[in-house]
Amino acid sequence: NELKVNPPTGADLPNEFIEIKGTPSATLNSIYVISMDGNVGTDLGKAEHVFDLNGQTVGTNGLILIKSTTDGPTAAPGTTIFSSTALDVGSTKGLENDTSSYLVIYSPTNPIVLGTDYDSNDDGVLDLPAGAVVLDAVGWRDGGVTDLVYGGVTLTQTNGTPDVATRFPDNDTAFSATAWYNGDLLFGSVDPTEIQYDINPLFLSANFPAGGLLTPGDPNAPKPG
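Residues numbered from 1 in each chain as written. Predicted model: local features only at pLDDT ≥ 70, side-chain atom pairs only at ≥ 80, totals over all residues. Heavy atoms only, no water.

So, about the sheet that holds strand E4 (residues 47–52). Across the sheet, four strands lie side by side as E4-E3-E7-E8; this open sheet has antiparallel pairing. Here the strands that pair on one side only, and so sit at the sheet edges, are E4 and strand E8 (133–140). Averaged over all pairs of adjacent strands, the angle between strand axes in this sheet comes to 15°, irrespective of strand direction. Pairing of strand E3 (residues 31–37) with E4 involves five bridges; the strand directions are antiparallel. Looking at E4, one finds that Met36 is bridged to Ala47. (Pairing = 2+ DSSP bridges. Helix = DSSP H or I, 4+ residues; strand = E, 2+ residues; numbered from the N terminus. Axes fitted to C-alpha atoms, helices over the stretch in contact; angles between N-to-C directions.)

Now the structure itself:
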């Protein structure tokens, strides 16, 4: 539902997060959120982060916020917080700033395992465990035309790769690039909260809406006009 992968000021950790949207108060079963490397010449298809949400209950506002155990955004009441040491200061790897994919996977039989190469022949087709299904995905390239984005949804902007991406609040269509807008954030010296998009069109997606804003742990804004 929302991603912050490249905070503009200082260290990325512990200020990165992934927000998931679901049915309010539903208990999740066999659901994994993963980030996956897509850079040719590195570990294509490797699960760089795996967040196991099995047994988690979606917040009463329909949101789960995956964040650091020590810091990061403050969520609104009604949001379920899923704290992960993988997003703490000192972790070996933050969320990818270059070519990467973020996927929600249902895998009822076998767990999704951190560090596993799920594209063993580097053909762009995921080799997931038997019975596993990708429920939704989003990703982007850092300019490498042969890099791979998994899941079929590639976000773009005029320059660079997204610092953040936000789903339009009235568009829950899975596997849809048009359900998202994205861009860079203003530097923290201008916006200490680091939730304001840089409204220079050079650093935004073409569909960026008036009033676009990062809203961790809150319903997204605004509706497209």
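Once that is clear, we can look at the packing of aromatic side chains. Overall, the coordinates contain five aromatic pairs when judged by the stated rule. Summarising the aromatic geometry, the rings of Tyr181 and Phe208 are spaced 5.3 Å apart at their centres and angled 85° between planes, so their arrangement reads as edge-to-face. Linking Tyr181 in strand E10 (residues 180–183) with Phe208 in the segment after E10, this pair joins segments that are 27 residues apart in sequence. Here Tyr181 matches Phe208 in class, with each residue buried. Every member of this aromatic cluster is reached through a ring pair, and the members are Phe168, Tyr181, Tyr197 and Phe208. (Phe/Tyr/Trp six-rings, centres within 6.5 Å; stacked < 30°, edge-to-face > 60°. Buried < 20%, exposed > 50% of the residue type's maximum accessible area, 1.4 Å probe, protein only.)

In this structure the tally under the stated criterion is five salt bridges. Between Glu194 and Lys4 there is a salt bridge; the shortest N-O distance is 3.3 Å. In this pair, Glu194 is assigned in the segment after E10 and Lys4 in strand E1 (residues 2–4), connecting sequence segments 190 residues apart. Taken as a pair, Glu194 and Lys4 share a single burial class, namely buried. Between Arg167 and Asp136 there is a salt bridge, and its shortest N-O distance comes to 2.6 Å. Taken as a pair, Arg167 in strand E9 (residues 164–167) and Asp136 in strand E8 lie far apart in primary sequence, 31 residues in all. No difference in accessibility class separates Arg167 from Asp136, as the two residues are buried. (Salt bridge = Lys/Arg side-chain N within 4 Å of Asp/Glu carboxyl O.)

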